Amino acid sequence: MRVISCSLCFILCSLFFIPACSTPPKDPGDIFDIRKRAEAQIDLGNKQADHGNLDAALIILDEAYRLAVVVDEPGLRVRAMLSRSNVLFSLGRREEAQAGWNEALSEAERAGNKALMALCRIHIGRGKLLSPEGKTAAQSVRDEVARDLGLIKSDRFYTAFAWTVVGLAEKELGRYPAAESAVQRSLAIYEKDRRFELAAYSWFMIASFRSMAGDYLGAARALQSAIAFDRRVENSWGLASDWRALGDVYTKADDHESARFAYLRSAEIFRSMGNEAAAAETLIRIDR
């Protein structure tokens, strides 16, 4: 967040040394510094969340929302609320998250922005899929997201997110090839747009689908791709989670030596991050 300022010395010099024939400066036009700062805060908050830094992400997104309120920009308010609610959901504060998603939807409706309304519904649907009601809500969420895709097709990031939610719904319905196909569409966008944290998570999801379908070799390959992307962006939380999931896959495949190595690597990364609880939980898996 950069603040543009001028020194008093510069101002005084300008007053005394402007030539008489000088022309007035050009009007720079509208300046949207606060909006730019809000946009930057939303992006930074999302990246912190992608890296597992949820408490830091929440603080950043609180500031993003404050800035959006300052400029009374409905679109910024909606996006900040959605991102903030996602973090709350990940922190286990599900009722607050649901209230935030609903508030974002109301704001989008007041603004009459159909694309943002669709995006809000997709977030709400994702929350349902990740809740205990996931299986019972899966088909209705799948159908609603399919309808809303047409409203957000002009935004690549929104579209990628929507296909991820379609994948989650297909997974809950037990249609694992369809789930992978949907997330592959997200992955293609993330890779092209160099959103490597999200590309890594897409591969993580694909690994989960393959593992559920009994394709352990394919799952391991997907997780190796996730590891490669998380290494590129130095996503320690992602790397530790990837290695732990790889240990789970090798365990299912009865490759206990490879599983042990993966769990040890995961625990080592968690411990280096200062997350002793996650490291201990990972090591317990070795003896399962």
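Residues numbered from 1 in each chain as written. Predicted model: local features only at pLDDT ≥ 70, side-chain atom pairs only at ≥ 80, totals over all residues. Heavy atoms only, no water.

On average, residues of the chain score 90 in pLDDT, and 89% of them are at 70 or above. Note that residues 1–25 has pLDDT below 50 and, in this model, 4 contacts with residues that lie over four places away or in other chains. (pLDDT = per-residue confidence, 0-100. Contact = heavy atoms within 4.5 Å.)

Here the focus is helix 7 (residues 134–148). At serine 140, helix 7 shows its strongest bend, of approximately 30°. Residues Gly134, Ala137, Ala138, Val141, Val145 and Asp148 constitute the buried set of helix 7. Where helix 7 is buried, its residues contact helix 6 (114–129) and helix 8 (156–172). (Bend = angle between axes of the 7 residues up to and from the residue. Helix = DSSP H or I, 4+ residues; strand = E, 2+ residues; numbered from the N terminus. Buried < 20%, exposed > 50% of the residue type's maximum accessible area, 1.4 Å probe, protein only.)

A few words on the side chain of glutamate 197. Structurally, glutamate 197 can be placed in helix 10 (residues 196–212). Here glutamate 197 sits buried without a salt bridge, and the closest side chain of opposite charge, arginine 195, lies 5.4 Å off (N-O distance). Reaching out from glutamate 197, the side chain makes a polar contact with the side chain of histidine 51 at a distance of 3.1 Å. (Lys, Arg positive; Asp, Glu negative; His and termini not counted. Salt bridge = Lys/Arg side-chain N within 4 Å of Asp/Glu carboxyl O. Polar contact = N/O pair within 3.5 Å; in protein donor to acceptor, adjacent residues only side chain to side chain.)

As a further point, take the packing of aromatic side chains. Applying the stated criterion across every chain yields a total of 5 aromatic pairs. Relative to phenylalanine 204, the ring of tyrosine 201 lies with its centre 6.1 Å away and its plane at 10°, an arrangement referred to as stacked. Here phenylalanine 204 and tyrosine 201 lie together in helix 10, a separation of 3 residues that amounts to about one turn. On the basis of relative accessibility, which here comes to 44%, the residue tyrosine 201 falls in the partly exposed class. The partly exposed category is assigned to phenylalanine 204, whose relative accessible area is 25%. Centre to centre, the rings of tryptophan 243 and phenylalanine 261 are 5.8 Å apart; their planes meet at 75°, and the pair counts as edge-to-face. Of this pair, tryptophan 243 sits in helix 12 (residues 236–252) while phenylalanine 261 sits in helix 13 (residues 256–272), placing them 18 residues apart in sequence. We classify tryptophan 243 as buried; its relative accessible area is 8%. The ring centre of tryptophan 243 lies 5.2 Å from the NZ or CZ of arginine 265, which sits over that ring. (Phe/Tyr/Trp six-rings, centres within 6.5 Å; stacked < 30°, edge-to-face > 60°. Lys NZ or Arg CZ within 6 Å of the ring centre and 35° of its normal.)

Before going further, it helps to spend a moment on unusual backbone geometry. Of note, arginine 194 is a non-glycine position whose phi angle comes to about 60°, a positive value. Mapped onto the elements, arginine 194 comes out in the loop between helix 9 (176–192) and helix 10. We classify arginine 194 as exposed; its relative accessible area is 55%. Here glutamate 234, not a glycine, exhibits a phi torsion of approximately 55°, which is positive. Checked against the element boundaries, glutamate 234 lands in the loop between helix 11 (216–232) and helix 12.

What follows deals with the packing of helix 4 (residues 74–90) against helix 5 (residues 94–111). Closest axis-to-axis distance for the helix 4/helix 5 pair is 8 Å, and the angle between their directions is 165°. Of the possible angle classes, the one that applies to helix 4 and helix 5 is roughly antiparallel. For the pair helix 4 and helix 5, the sense of crossing is left-handed. Residues Pro74, Arg77, Val78, Met81, Leu82, Ser85, Asn86, Leu88 and Phe89 of helix 4 form the contact with helix 5, whose participating residues are Arg94, Glu96, Ala97, Gly100, Trp101, Glu103, Ala104, Glu107, Ala108 and Ala111. For the contact of helix 4 with helix 5, a count of residues per class yields 11 nonpolar, 3 polar and 5 charged. (Axes fitted to C-alpha atoms, helices over the stretch in contact; angles between N-to-C directions. Parallel < 35°, antiparallel > 145°, perpendicular 65-115°, else oblique. Left-handed = near helix turned anticlockwise from the far one by under 90°. Nonpolar A, V, L, I, M, F, W, Y, C, P; charged D, E, K, R; others polar.)

Moving on, we come to the environment of glutamate 73. You can see glutamate 73 is positioned in the loop between helix 3 (54–70) and helix 4. Judged by relative accessible area, which is 23%, glutamate 73 ranks as partly exposed. Taking the C-alpha atoms as reference points, glutamate 73 and alanine 111, separated by 38 residues in sequence, lie 9.7 Å from one another. Aside from chain neighbours lying at most four places away, what touches glutamate 73 is Arg35 and Ala68.

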